[in-house]
Amino acid sequence: MKVMRLLSSLKHDESERGIFHLGRALVKRGHTSIIISSADKEHDLVKRLERDGNIYNQLSLEKKSWLALRQVLPLRRLIEKHQPDIIHIHSRTPAWILHWALKGAKVKRKPKLVATMYGFYPLNNYSRALLNVDRLITVSDSVSDYLMQGLKELKNPPRSITRIYRGVDTRSFPYRYNPSVYWLRRTFAEYPELEHKKWLLFPTIIGQEYGQEWLIDVVGNLGEAFPNIHIIIMDDESRHGVVHDEFLQRVNALELQDKFTFIGSKRNDMREWLAAANLVLGLANQPESIGINILQAIHLGTPVVGWNKAAFNEILRPLYPQGLVKENTAYALCKVIRSQLENVMRPSITDKFTMQQMIDETLEVYSTLYDANQLSYSDTFIEKKRLKKKRSKTYDDKDSRRIVEGE
């Protein structure tokens, strides 16, 4: 089985899309894994893919860029060269490039199309190519429900929908992992204000939809009872933007700046921060479709707190219901956080929401479509052979009549 996957970039694929793990699993099981993305051939992630046995091709498939249309013919040539059985699309721009590339492509049999819908995408014309596939994978029940509600508006709805949760690599995020003494010493040397504090980790940048404004309510309401709580934000303090600047101004106006530490967004030690935190917060105002940081924290055994909606609800309800905030109010949020700080109860070890489970379910989708395509091709071949034999018999009968009639 040959599987070709199209991505705009490799930037988010480590934790959310499982591109590396899925490619390795395909190769290990004797299949051919072909990956097409915008990353340069010399990029470390590309070298990692090729070391695992993937075939990599670089095409500029940047999101929402008209320049990507220049890749229609190169993509068509790659499809004709590799003759993939399955093409898996991971974002909307590559979906449109593929739509045009398949028109006129010389293939032995038309590949089956799979797409993954990673968020609550607007169901507009831009999303149409992503949805017009043989099998659409959604990353949570919340995304599936959102899609089902909008199906009536779609001119070309997906032929089939499968929900496959994103998973965590439990080897990289083992249960009850402890950061090294070296990492802790280096961290305290860089951020001395964190020593002897209870860390409340906000594992995302500041933005309109991420809910950082709730952090001020948490510090304001719990600061007296827990004077050693400290908010750690994975963003750069020097970054500028309207929302970012407004948040900092409010923190400074309330003289709470000594309660916040910004550690930057581009880090390679996310596991250490998630494991070392006393509490990880999921406070996004907009519904989350994946909630990967919350998942990683739970697999590490770190207590978490999140709103009772979308992916947070789907993750916390079966794995750590103590961390669910059922009302969207500062009082309810602080009540749950207080309970977590007073009665430390770690999430139990779990075999749900794992990378291996995600890979197995994705490969099952591939195999089902591949088998159906093989069967369809076989039936078509037999039917063509039958028609050819029938036409041949008809011609033989006509020739026989001509001989009998003396023609």
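As the structure is a computational prediction, the values presented were derived from the model and not from experiment.

### Remarks on the sheet that holds strand E13 (residues 324–325)
Backbone-to-backbone hydrogen bonds join strands into a sheet, with any given pair of strands oriented parallel or antiparallel.
Then, in step 1: Taken in spatial order, the 6 strands of this open sheet run E10-E9-E8-E11-E12-E13, and their pairing is parallel. Lying at the two open borders of the sheet, with one neighbouring strand each, are strand E10 (260–262) and E13.
Then, in step 2: Bridge count for strand E9 (residues 229–233) against E10 is 3 bridges, and the pairing is parallel. Across the sheet, Ile231 pairs through a bridge with Phe260, a residue of E10.
Then, in step 3: Where helix H9 (residues 213–222) meets the sheet, its contacts fall on strand E8 (198–202), E9, E10, strand E11 (279–282) and strand E12 (304–307), and the angle it forms with E9 comes to roughly 170°.
Then, in step 4: Strand contacts of helix H10 (residues 242–253): E9 and E10, with the helix running at about 150° to E10, the strand carrying the most contacts.

### Re the environment of Arg109
Then, in step 1: Assignment of secondary structure puts Arg109 in the loop between helix H5 (92–101) and strand E5 (112–117).
Then, in step 2: Accessibility expressed as a relative area gives 23% for Arg109, which makes it partly exposed.
Then, in step 3: C-alpha of Arg109 to C-alpha of Pro84: the two residues are 25 residues apart in sequence and 9.0 Å apart in space.

### Focus: the pattern of salt bridges
Then, in step 1: Scanning the entire structure with this criterion turns up 10 salt bridges.
Then, in step 2: When the shortest N-O distance is used, the salt bridge between Arg24 and Asp52 registers 3.3 Å. Placement of Arg24 in helix H2 (residues 19–28) and of Asp52 in the loop between helix H3 (44–51) and strand E3 (55–58) is noted, with a sequence separation of 28 residues between them.
Then, in step 3: Between Arg239 and Asp235 there is a salt bridge, with the nearest N and O atoms lying 2.6 Å from each other.

Here is what the cut-offs are and how they apply
Residues numbered from 1 in each chain as written. Predicted model: local features only at pLDDT ≥ 70, side-chain atom pairs only at ≥ 80, totals over all residues. Heavy atoms only, no water. Pairing = 2+ DSSP bridges. Helix = DSSP H or I, 4+ residues; strand = E, 2+ residues; numbered from the N terminus. Contact = heavy atoms within 4.5 Å. Axes fitted to C-alpha atoms, helices over the stretch in contact; angles between N-to-C directions. Buried < 20%, exposed > 50% of the residue type's maximum accessible area, 1.4 Å probe, protein only. Salt bridge = Lys/Arg side-chain N within 4 Å of Asp/Glu carboxyl O.

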